[in-house]
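Chain and residue survey
Here is what each chain is made of, one letter per residue.
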2 protein chains.
Amino acid sequence: MTAAADRQLTSLSELAGLVAGGATRRSQLATATGLSRAAVAQRVDLLIDRGLLVETGTVATERGRPPLSLQLASHAAVVCAVDLGATHATVAISELGGAVLAETTEDLDINDGPEAVLTALDAQIGRLLDSAGHPAEHVRAISIGVPGPVEASTGTVVRPPIMRGWDGYRVPGFFAGRRSAPVLVDNDVNMMALGEYGHRPATAHLLYVKVGTGIGCGIVSGGVVHRGATGAAGDIGHIAVPGHDDVLCHCGNTGCVEAVASGAAVAARLRAAGVPAEHAADVVRLVAAGDPLARRQVRLAAQRIGDVLASLVSFYNPDTIVLGGSIASLHDDLLADIRAAVYRRALPLATRTVAIETTLLGRRAGIEGARRLAVQHLLSPAGIARFIG
Amino acid sequence: MTAAADRQLTSLSELAGLVAGGATRRSQLATATGLSRAAVAQRVDLLIDRGLLVETGTVATERGRPPLSLQLASHAAVVCAVDLGATHATVAISELGGAVLAETTEDLDINDGPEAVLTALDAQIGRLLDSAGHPAEHVRAISIGVPGPVEASTGTVVRPPIMRGWDGYRVPGFFAGRRSAPVLVDNDVNMMALGEYGHRPATAHLLYVKVGTGIGCGIVSGGVVHRGATGAAGDIGHIAVPGHDDVLCHCGNTGCVEAVASGAAVAARLRAAGVPAEHAADVVRLVAAGDPLARRQVRLAAQRIGDVLASLVSFYNPDTIVLGGSIASLHDDLLADIRAAVYRRALPLATRTVAIETTLLGRRAGIEGARRLAVQHLLSPAGIARFIG
């Protein structure tokens, strides 16, 4: 690509982003960008022609000709967001502006491997498009959160602990020939972090910590997911916590916070004490029912998670930590002890502004983040390039 | 400021950045930006007129008229970089392109407080400008690294552990009325991180860990220092390490890595064992002389530092960790144990690409980072605004 074409894409991306942010008039775009009205007209016409923007008349005013109003396309351009879990796939078809047009959740077993899972997912996407009345070519981006580490630049799953048969699998490759839209893939916790970030306009540096069967973290600064050098950023489950050298983790090390304080770890402790608990969900149920031993174990787990978060607060200095995952539904039992640990260990300059709270979006964080990532990509220069290509 | 003026500044900043990156012809700027030759000419002329760029003829070629060559101004525009330590101030006057024109180091005591220290510093800057033959108005930015936490947006020192009398002091306020250039202030470790980053072109995510009397960290991703919500990011000295609940830290907590593994902590352990060692420098001297007890204590400290870095590698996934500070001069005794701890604890996806090495710049990292920050600011839209204002 030439530099001039590159520059044109950046300019188109900027214009589309301004419309997504609420600019509705061509004159606003000229003012905001410094481009001439002719240059704005040429570019806006291109974006309309390719179906990314639409321009509609508004109610006539007494002053004369009604002004035209620009917005992101709401009919012929939609995005497909996918939240792929260990045992389910949720698919949502959304307008670029955010409205969800159709959504379904179906059961699956991630350990059936990539070909079987993605074949079923692709069929689910097809049925959902049919029911929403959109032909396949309306889908402008597919964004998939998966329950394991991903090299986001290529969409390749890398050494996942729970996705049997997926190691090294490049997810977008499956859709080549089946779907024409670009396929974005990321770790589900990164998607959740992006979803929560989007619902907190005053936040600049957010950590989303998922405490469920395992423990993971997504990092968002300035609206962008921090993925690190190899896409492994946020993999905090195997950070060591003091005083638990006797606890063996499935990774082969000892004292990992996931082995000590995850929902699975608490369930294991309860079983060892004679309380029937198989999964994180059983822990939640027991605490909700007032079981004192379960409450005690959750509070101890919260203290260990708080110790790890104290280190991360000292290092990264976030303004917001969001707790999600099944265990996060236990607000009162979790938050007090986590907060106490962070305030006890991290320094005042870092803790004086940090908010530690539970998820706003709950189970919808992942699908909402996937949707945001899809639109973010579409409005980027690279996304625009495919749109107008 | 209007959006059009804002846009103009962004464009000027982009052009200046391209020249800083090696573009020397107006035609290259037109190609790279997509601007018309007339628009490039108008903007380049403005930057030349205000003294940020210069354009010179080159040796005539056989093909005819020699092409003109653009570069950053090297005469009437310089930056002043300052590395302020506990007992010294180093000041360097540099061209925008990086060449150091003059430099001095003078003794001071940071605990004399801000007015006394900054008065002496300002006089040192004045003498250095005189000796370099530059009048005060040539200085386009002053960039100061200080040995304590700073709220970088305002240049205010916040709760510094070793800077007596500086808490809450806004450093740029001192220079108002004395110097017309903008004054940038940041923590010295952030400056060092930026300096090391600038000398590693292949690096994207860098942690600079200073191990001296204390322990601190600077974080740079994509060329930008990550300062966090309140400027406290990288303050890792008070992260707890396992198994040292009996070690009291000056912060009032126990088991902080700084209390267990800093140069001061190792010196204290040696004293307790009857070996005379007051400071980190004594530890370095003893190890260099082959003292086995000192070597043993440094290796134990390296393991504890490695444990902390393993957590940060899991969380942040950097591609490079640079060790600096006085203890880092003990390469062999430090690196092996730190690397072993990181590789033992952090996950393969995060460790397979991380380089753990000692400083390239040594004591010059801080002043080099301050210089880079000054030029980075000058070439930013905000810096350009002052230049052409």
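Here is a short report on the structure shown in this document. (Residues numbered from 1 in each chain as written. Chains lettered and ligands numbered in written order. Predicted model: local features only at pLDDT ≥ 70, side-chain atom pairs only at ≥ 80, totals over all residues. Heavy atoms only, no water.)

1. Points about the pattern of salt bridges
Residue and element names in this part refer to chain A. Counted by the stated rule, this structure contains 30 salt bridges over all chains. For Asp-122, the salt bridge goes to Arg-179, with nearest N and O atoms at 2.8 Å. Of the two residues, Asp-122 sits in helix α4 (residues 114–132) while Arg-179 sits in the loop between α5 (171–175) and β9 (183–187), which places them 57 residues apart along the sequence. For Asp-122, a relative accessible area of 14% gives the class buried. Looking at Arg-179, the relative accessible area reads 16%, which means it is buried. Here the residues in one salt-bridge network are Arg-26, Asp-45 and Glu-55, joined through shared partners. (Salt bridge = Lys/Arg side-chain N within 4 Å of Asp/Glu carboxyl O. Helix = DSSP H or I, 4+ residues; strand = E, 2+ residues; numbered from the N terminus. Buried < 20%, exposed > 50% of the residue type's maximum accessible area, 1.4 Å probe, protein only.)

2. Looking at the nonpolar core
In this structure, A:Phe315 and B:Phe315 are the most contacted members of the largest nonpolar core, which totals 108 residues. Residues in contact with B:Phe315, not counting those within four places in the same chain, are A:Leu207, A:Cys217, A:Ile219, A:Ala233, A:Gly234, A:Ile236, A:Leu312, A:Phe315 and A:Tyr316. (Core = buried A, V, L, I, M, F, W, Y, C linked by side-chain atoms within 4.5 Å. Contact = heavy atoms within 4.5 Å.)

3. Digging into the packing of aromatic side chains
One pass over the structure, following the stated rule, counts eight aromatic pairs over all chains. Between the aromatic rings of A:Phe315 and B:Phe315, the centroid separation amounts to 6.1 Å while the plane-to-plane angle is 85°, which identifies the pairing as edge-to-face. Taken together, the residues span two chains, with A:Phe315 in helix α10 (residues 292–316) and B:Phe315 in helix α10 (residues 292–316). Between B:Trp166 and B:Tyr169, the aromatic rings sit 6.1 Å apart at their centres with planes inclined by 75°, giving edge-to-face as the arrangement. Across the pair, B:Tyr169 and B:Trp166 agree in class, each one buried. Clustering of aromatic rings is evident, with ring pairs tying together A:Phe315, A:Tyr316, B:Phe315 and B:Tyr316. B:Arg178 extends its terminal NZ or CZ atom over the ring of B:Phe174, reaching a point 3.8 Å from the ring centre. (Phe/Tyr/Trp six-rings, centres within 6.5 Å; stacked < 30°, edge-to-face > 60°. Lys NZ or Arg CZ within 6 Å of the ring centre and 35° of its normal.)

4. Regarding the interface of chain B and chain A
Taken residue by residue, the interface counts 53 residues in chain B and 52 residues in chain A. Both sides of the chain B and chain A interface together cover about 4300 Å² of buried area, and 59% of this is carbon and sulfur. Per-residue buried area on chain B facing chain A is highest for B:Arg7, B:Phe315 and B:Arg345; these three make up 20% of the total on that side. Here chain B is connected to chain A by zero salt bridges. Summed over the shared surface of chain B and chain A, the number is 22 residue pairs in polar contact (both at pLDDT 80 or more). For the side of chain B that touches chain A, the secondary-structure elements that each account for two or more residues are α1 (3–20), α2 (26–33), β10 (205–211), β11 (215–221), α10, α11 (331–345) and α12 (348–351) of chain B. Of the residues forming the side of chain B that touches chain A, the biggest block, five residues, is contributed by α10(B). Among the residues making up the side of chain B that touches chain A, the classes are represented as 25 nonpolar, 18 polar and ten charged. (Buried area = accessible area lost by both parts, 1.4 Å probe. Polar contact = N/O pair within 3.5 Å; in protein donor to acceptor, adjacent residues only side chain to side chain. Nonpolar A, V, L, I, M, F, W, Y, C, P; charged D, E, K, R; others polar.)

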